[in-house]
Amino acid sequence: MYFLADIIYFILYRIAGYRKKVVRKNLAESFPDKSAGELRRIEKRFYRNFADSLVETLRLMHVSDRYMSRHMQFENIELIDNLLDSGRSIIVYFAHTFNWEWAPSVSLHTKLKPSDKVEFGQVYRPLKSGFADRMMLKLRGRFHSICYPKSSTLRCLLKARKKGMLTITGFMSDQHPSHGDRGHLTTFLNHPTLMITGTETLARKLKMAAIYWDMEKTGRGKYKITVRPLADNVADTPEGEITEKYTLLLEQTIRRDPAIWLWSHKRWKRPVNLELLNEERNDKSK
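Residues numbered from 1 in each chain as written. Predicted model: local features only at pLDDT ≥ 70, side-chain atom pairs only at ≥ 80, totals over all residues. Heavy atoms only, no water.

## Remarks on the environment of phenylalanine 143
Inference 1: Turning to its location among the elements, phenylalanine 143 is positioned in the loop between helix 6 (130–140) and strand 4 (146–149).
Inference 2: Not counting the four nearest positions on each side in its chain, phenylalanine 143 is found in contact with Leu60, Val63, Asp65, Met68, Pro104, Ser105, Ser107, Leu108 and Pro114. (Helix = DSSP H or I, 4+ residues; strand = E, 2+ residues; numbered from the N terminus. Contact = heavy atoms within 4.5 Å.)

This is how it looks when you write it as structure tokens:
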């Protein structure tokens, strides 16, 4: 499998130069204190991680539970167990850190399993290609989790609640806000950034708990997620607090190992009003 990943790395990085300009721009602007040599080493490791993630995702078609439970570890899983035991549904803040496609295997580690009592789910954007969309839904449902289309997530969670079910739902919250989401203005990786607020808004509306999944790559084909608490009930927190906590934790994850994040997207392509950012900061300090 990893021989194939090495070939993919060579093609993407050495031959095609897949989105190399975007990756270099993102890295240079995010880490202005790093030397050219350090940035180049991060860049190469990123492409190796990216290639690994591609073949690892395809392996979900045939991977065994035993293999996955050994290679995708969860630390502090009892936090999830305790929240579910207390009758609290959970929002999971997560990001495009390698390999995020293995994260739904959390159901192999929790005390409660996908059943009539708990629904494990994840929010996704349907793909334009029908074939690709069906394939990814199959892969992402490998561990009995349900994929909620982004446009109908609230409706799906309310439906589950009406059935008397608890839910644990993963949200990839590291992209720029969608239309209609004004975003939370902050500084992230040396950039003025609008972070998605829809995740917090939904959790607040449904009085859900919030946790963060802190991903680490501990070896080739080996990962660990540390479950970190954000709030037992998002509705009891000031507006924007959970999004800000998530932003800080995600930045710590990336700074610990910059090559673990997906740098090939234009994450700061929308201009952000710096004057507004400073005004908001001054208001908060008062």
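## Some details on empty space enclosed by the protein
Inference 1: Tallied over the entire structure, the rule returns two cavities of 30 Å³ or more.
Inference 2: Put simply, the largest cavity is a space of about 50 Å³.
Inference 3: Lining the largest cavity, in full, are Ser89, Leu157, Leu158, Arg161, Met165, Thr167, Leu206 and Met208.
Inference 4: Among the elements that line the lining of the largest cavity, the one with the most residues is helix 7 (residues 153–162), at three residues.
Inference 5: Within the lining of the largest cavity, the residues separate by chemical class into five nonpolar, two polar and one charged.
Inference 6: In this model, the second largest cavity occupies a volume close to 40 Å³.
Inference 7: Around the second largest cavity, the lining residues are Asp174, Gln175, His176, Phe188, Thr193, Leu194, Met195, Arg267 and Trp268.
Inference 8: Per-element tally for the lining of the second largest cavity: the top contributor is strand 7 (residues 191–195), with three residues. (1 Å grid on protein atoms, 1.4 Å probe; cavity = no way out; pocket = protein on both sides within 12 Å on 5 of 7 lines; lining within 4 Å. Points joined across faces, edges and corners; volume = space filled by probe spheres on them. Nonpolar A, V, L, I, M, F, W, Y, C, P; charged D, E, K, R; others polar.)

## Topic: the pairing of strand 3 (residues 118–124)
Inference 1: Most of strand 3 sits out of view: seven of its seven residues are buried.
Inference 2: Residues Val118, Phe120, Gln122 and Tyr124 of strand 3 are buried on one face, and the alternating residues Glu119, Gly121 and Val123, pointing to the opposite face, are buried as well.
Inference 3: Examined bridge by bridge, strand 3 and strand 5 (residues 166–172) share five bridges and lie parallel to one another. The partner of phenylalanine 120 across the bridge, within strand 5, is isoleucine 168.
Inference 4: As paired strands, strand 3 and strand 4 are joined by four bridges and run parallel to one another. The residue bridging valine 123 from the neighbouring strand is tyrosine 148, located in strand 4. (Buried < 20%, exposed > 50% of the residue type's maximum accessible area, 1.4 Å probe, protein only. Pairing = 2+ DSSP bridges.)

Remember, this is a structural readout, not a statement about activity or role.
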